[in-house]
Protein chains: 2
Amino acid sequence: MHKTGLDYFFYPKTAAVIGASGERGSIGYTTFENFLHSRFKRQAFAVNPKHKTVQGKKSYASVKDIPQDIDLAVIAVPAKVVPAVFKDCIEKRVKAAIIISAGFAEIGEKKLTAQLQGLIDSSRAAKRVTRVIGPNCIGVLVPENGLDTTFFEEKRMRRPKRGGISFISQSGALGALILDWAAMEEIGIGKFVSYGNAMDVDEADLLEYLGKDPRTKVITAYLEGAKEGRKFFECARRISPCKPIIVLKGGITEEAHKATTSHTGSLAGSAQVYGAVFRQSGIVQARDLNELFAFAKLFENEPLPHGKNVQIITNGGGFGIITADAVVQSSLKLAKMSAAGRNRIKKKVPKTVVVGNPIDLTGDADSGRYVLALESALADRNVDSVIVIMLFNTPTLELGVVKELGRIRKKAKKPIAVLSLGSEFTSTMLSAIEKQGLTTFNYPTTAARALAALSGYAEFSRTGKCTEIP
Amino acid sequence: MHKTGLDYFFYPKTAAVIGASGERGSIGYTTFENFLHSRFKRQAFAVNPKHKTVQGKKSYASVKDIPQDIDLAVIAVPAKVVPAVFKDCIEKRVKAAIIISAGFAEIGEKKLTAQLQGLIDSSRAAKRVTRVIGPNCIGVLVPENGLDTTFFEEKRMRRPKRGGISFISQSGALGALILDWAAMEEIGIGKFVSYGNAMDVDEADLLEYLGKDPRTKVITAYLEGAKEGRKFFECARRISPCKPIIVLKGGITEEAHKATTSHTGSLAGSAQVYGAVFRQSGIVQARDLNELFAFAKLFENEPLPHGKNVQIITNGGGFGIITADAVVQSSLKLAKMSAAGRNRIKKKVPKTVVVGNPIDLTGDADSGRYVLALESALADRNVDSVIVIMLFNTPTLELGVVKELGRIRKKAKKPIAVLSLGSEFTSTMLSAIEKQGLTTFNYPTTAARALAALSGYAEFSRTGKCTEIP
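The sections below set out a description of the structure shown in this document. (Residues numbered from 1 in each chain as written. Chains lettered and ligands numbered in written order. Predicted model: local features only at pLDDT ≥ 70, side-chain atom pairs only at ≥ 80, totals over all residues. Heavy atoms only, no water.)

Details of the sheet that holds strand β11 (residues 189–194) of chain B
Residue and element names in this part refer to chain B.
Phase 1: If you trace the seven strands from one edge of the open sheet to the other, you get β9-β8-β11-β10-β12-β13-β14, paired in mixed fashion. Taken across any chain shown, the strands that pair with only one partner, and hence form the sheet edges, are β9 (147–148) and β14 (284–286).
Phase 2: Bridging between strand β12 (residues 218–223) and strand β13 (residues 245–249) involves five bridges; their strand directions are parallel. In the sheet register, T220 faces β13, and the bridge partner there is I246. (Pairing = 2+ DSSP bridges. Helix = DSSP H or I, 4+ residues; strand = E, 2+ residues; numbered from the N terminus.)

Below is the structure:
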C-alpha cells in the first residue's frame, strides 16, 4: 500500500508508546498492553525514562533512542511534558503522533497549547512532518489489524468486529461508548478515530482520508463544531456523491450550543441552518445515537432506492399500521402496487390476507407467504423499497424464512428493511437475518427514518457526480 | 373484594375453557394448560364434547354440565360454534366470557357477527348478563395471580412480572409482542387486556375499570379506533387527572388510517386533530412502541415536576450536549441553577468540572461528585427535574453510586431520569439502578421526550381535578 500522511495512523509498521507504564490501570499501561496483545507486539517500543523495562520489554529514555524508524508514536504523558516528547518525535522523524494527553485548550491552558502549536507549525514548515491526532483524545481503533490506542478496560468497553462503517468522534467519551455499544449490536467498524482538539489533523482531513479509503463504505461522525467549517463542508460535498456521510451534530440547538463553546471554536447556527447546510453538502443527519448506526447499517447493506414508495409486508395488522404511520411521517410514501402484482399474490393466499399497503399476511403466515409477497413487491414498478415486518410470537413462522430472506436479498435491486420486536427468541431470529446480509430494526420510526435517509441520499447522489474516488 | 361486572375477567374463582384440547400446539391446548399450571388448576374446567378427559381432567360436553357456578369462560372454538356455546354461557349465568375465536366482523362475516351481537344484547336486556371480551382477541394476562388466556408458547412469548403498568390493546399480535418485550425489559405489568372486536366490553369500559383499579398506577393503550369515540374521550378526561393514560394510536395519519378502516369502525382524522383531542382529554401520546413503555416507566416511578426546567449532569461532555439538544427540542428548558447552588458544587470539585447546564463532572468523576451535583440540583429552586448521565466506560465511577442514587430517589420530590448506553457492563449497572426504583434510558431523545410528557401531564393535572377515584 502506498502510504499517504494519514496512513501511518492506521497501518504503522512500528510504534512507540511514550509514557508506557507498568502500573496497572494507568493509560500508559493499557495502551502499551494493547500493542503487546496485538500483531504489533514485535514492532512496539516502550518509552519511559523512569524504567529500564516496562511490561517485560526494554524501555527507552527517549523515542530518539529506539534503533529503528518509528511510524507511529502514541503519547500518554502529563500535558506539561508533551511539548518536549513531541519535539523528540519530530527530530526522530516519526511519521504520525497520537497525543492522548489532556490539559490543553479544552481547559483553557493557553501557554502549553501555543507551545505545542508552534512545534506542529514549524515541523510542517521544515518539511520534517510529524502529523498529529489530538491532543485530548482516545486515538484510533482499527479492528482489521488490531491497532488500538483506546485505553479503556475491555470489561467496560468492548471492541467491535471489523466492517465497513468508519466513525470519527470529536468526543472521546462518546466514541468509547459507541464502540462498546457497536460491539454488543454486532456492528462492524472500519476505522475509528477520536481526534479531540484537532490541533493538526481535523475532521475535514479525516473525511478526505476515509473518502478514499477502500475499506470504508459509510462514514459516520459525531461533531460538535468543525475547526474550519467551510473546509469541512466543501470536503463533504465532494465526498458525499461517492460515499455516504452520516453526522450526529452535538449543539444543534442554540441553547445547547452555548454549552459547547467553552471547548471548541465551533460553528454557530440554529438547527434549521444546520439542516440546510447538511442537505447542500449531501450529509445525512442523524438526530440521536440510535439513528447514527441504524442509518449506517442500512446504507452499508442496501442498494439506493429509485423513489420514495414503500411497500409494507406484515403478519401483524397493528404493527403494520403503526409502521404505515411512521412511513408517512418520515416523508416517504405508501406504495400502490400494480393490479397485476396484487393479483399475483391474491391468487395464492387465503381470503383473510389483505393485499393492500400494508399487505397483512395475518398471524398464520408461513415462509412461503412471505416469499410470495416480498418477491411480488420487489418486482413491482410502483414499489421502490420494502419494509418486512415479522412477528415471531406466532407459531407458524418457521426458521426457514431466514435463508429465503438471504436468497432474495442477494438478487434484489431494491432496499429491504426487516422490522421486529421481542425477547430472546426474536433477537436470535433477527441476528440470524442480519448474518444473511439484511438490516433489522426494532421500532417502526427508526426503520422508516433510516429508509427516508437512504431515499434522501439517493436523491442527492442522482444530482451530484462522484469524481473523487478512483 | 367487591366484584363489579369486569372483576370476573381478572379475579375469577372458577373458570371454564370451552374448546379445551389435548392436541399440543392448539389454542385450546395452551389456554387450558396455562390454567392447569396456575393457582387456578383446581377451579378450571374443560369443556369439549368430543372427549371424556382433556389433559388428564374430566371434560364436560357443555359449560351447563359443570356442577359449580362459573365466573369466567374462555371460548376457543371455531367461529361458527361460538353463538351456541355462548348461549350456554348465558343460560349457565357465567359472569364473564372471553371469546378468543376469530372469524367475525374483522373478516366481514356479517351473519355470525349479528347472531353473536343479538345474544349479547338480549342477555343484557334479560339481566342475565354475561359480559364479553372479544371476539378475535388473546384475552387477559394478570401477572399478580397468574391468570393467562394468551395462547402463545412461552418460548416465543415470555410473560412479564407484576407491576403497576396496565396495558390494553385492540390488536392481539401487538399485545403479545409488547408483553414479550416487556418481560425482557423487566417492566412490571398490572393487567393486560387484548379486547379485539369489542362487541361488548370496549376501550372506554376498560379505561373506566382500570381508572378505579388500585393496582394500576399507569394506563397504557394501543388503539386503532375507539368503538364510540365520544364515550372514550369523555371517560379519558375524567380519569386523566387521577391517573395517567398513555396511548399509542395506530392509523394516526390519514394514509395509514385508510388501511385500518377494513377492520374497525374507527375515528377518522389527521395526526393534528388527534393531537388536539388527546391533549384536551389529558391523554399522553406516544409516537412509537419504545415511547409507550419508556413514558409509562417514568410516570410510574417519578413524582410530577413543577415546571419545565431540566438540569443535566454528566461525566461525558458530548453525551451531555446531545442531551441538551434533545431537551430543547422536546419543548423543555435548560434550567439555570442559582449562583448559590452552583457555588456549592464549585467549592468542592476540581477546576476542570464545568458547572453549567450540563454540569460536566468530567471523565474522572466518582460517586461523591455525582451525589454533590445531584443533591445540589434537586435542592435548587430553578430546577424542576434532573437528567443524570452516567457513562460507565470510565474506570472511576464505582458501583457504590447505585445505592446513592436509590437513597436520593427515596427522598427527592423532583423527577430524576438516568441515561446511559453501552454493552453488558453498562446494562448490568442500569438494571441495578432500576432495582433502586429509578428509571433508566439509553437515548437522549427518549429520556427528554419522556420528561416532556411527564411535564405536559403535570401541567394538565394542575388544571383538572381528580374526582373519580376514592
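Here we look at the relation of the copies chain B and chain A
Phase 1: Mapping chain B onto chain A calls for a rotation angle of 180 degrees and an axial translation of 0.0 Å; the resulting RMSD is 0.0 Å. Here the two chains are linked by the operation of a two-fold rotation axis.
Phase 2: A shared binding surface is used by both copies, with 98% of the interface residues of chain B retained as interface residues in chain A. (Least-squares fit on C-alpha atoms with pLDDT ≥ 70 in both. Contact = heavy atoms within 4.5 Å.)

Some remarks on the packing of aromatic side chains
Phase 1: As enumerated under the stated definition, the model contains 24 aromatic pairs over all chains in all.
Phase 2: Consider the rings of F35(A) and F40(A), whose centres lie 6.2 Å apart with planes at 75 degrees: the pair is edge-to-face.
Phase 3: Given a relative accessible area of 2%, F35(A) falls into the buried group.
Phase 4: Between Y443(A) and W181(B), the aromatic rings sit 6.2 Å apart at their centres with planes inclined by 75 degrees, giving edge-to-face as the arrangement. Of this pair, Y443(A) sits in the loop between β21 (439–441) and α16 (444–463) while W181(B) is found in helix α5 (residues 172–184), placing the two residues in two different chains. (Phe/Tyr/Trp six-rings, centres within 6.5 Å; stacked < 30°, edge-to-face > 60°. Buried < 20%, exposed > 50% of the residue type's maximum accessible area, 1.4 Å probe, protein only.)

Considering the environment of V328(A)
Phase 1: Relative to the assigned elements, V328(A) resides in helix α11 (residues 317–329).
Phase 2: The residues contacting V328(A), other than those within four sequence positions of it, are L334(A), T253(B) and E255(B).

What about the packing of α5(B) against helix α10 (residues 289–301) of chain B?
Residue and element names in this part refer to chain B.
Phase 1: One can describe the packing of α5 onto α10 by two numbers: an axis separation of 12 Å at closest approach and a directional angle of 55 degrees. By the criterion of interaxial angle, the relationship of α5 to α10 is oblique. Note that α5 runs across α10; the crossing there is right-handed. Along its contact with α5, which presents L174, L177, I178, W181 and A182, the element α10 presents L289, N290, L292 and F293.
Phase 2: In the contact of α5 with α10, the residues fall into eight nonpolar, one polar and no charged. (Axes fitted to C-alpha atoms, helices over the stretch in contact; angles between N-to-C directions. Parallel < 35°, antiparallel > 145°, perpendicular 65-115°, else oblique. Left-handed = near helix turned anticlockwise from the far one by under 90°. Nonpolar A, V, L, I, M, F, W, Y, C, P; charged D, E, K, R; others polar.)

A short note on the pattern of salt bridges
Residue and element names in this part refer to chain B.
Phase 1: According to the stated counting rule, one finds 52 salt bridges over all chains in the structure shown.
Phase 2: E208 is the salt-bridge partner of K212, the closest N and O atoms lying 3.8 Å from each other. With K212 and E208 both in helix α6 (residues 203–212) and four residues apart, the pair spans about one turn of that helix.
Phase 3: Under the relative-accessibility criterion, K212 is labelled partly exposed at 46%. (Salt bridge = Lys/Arg side-chain N within 4 Å of Asp/Glu carboxyl O.)

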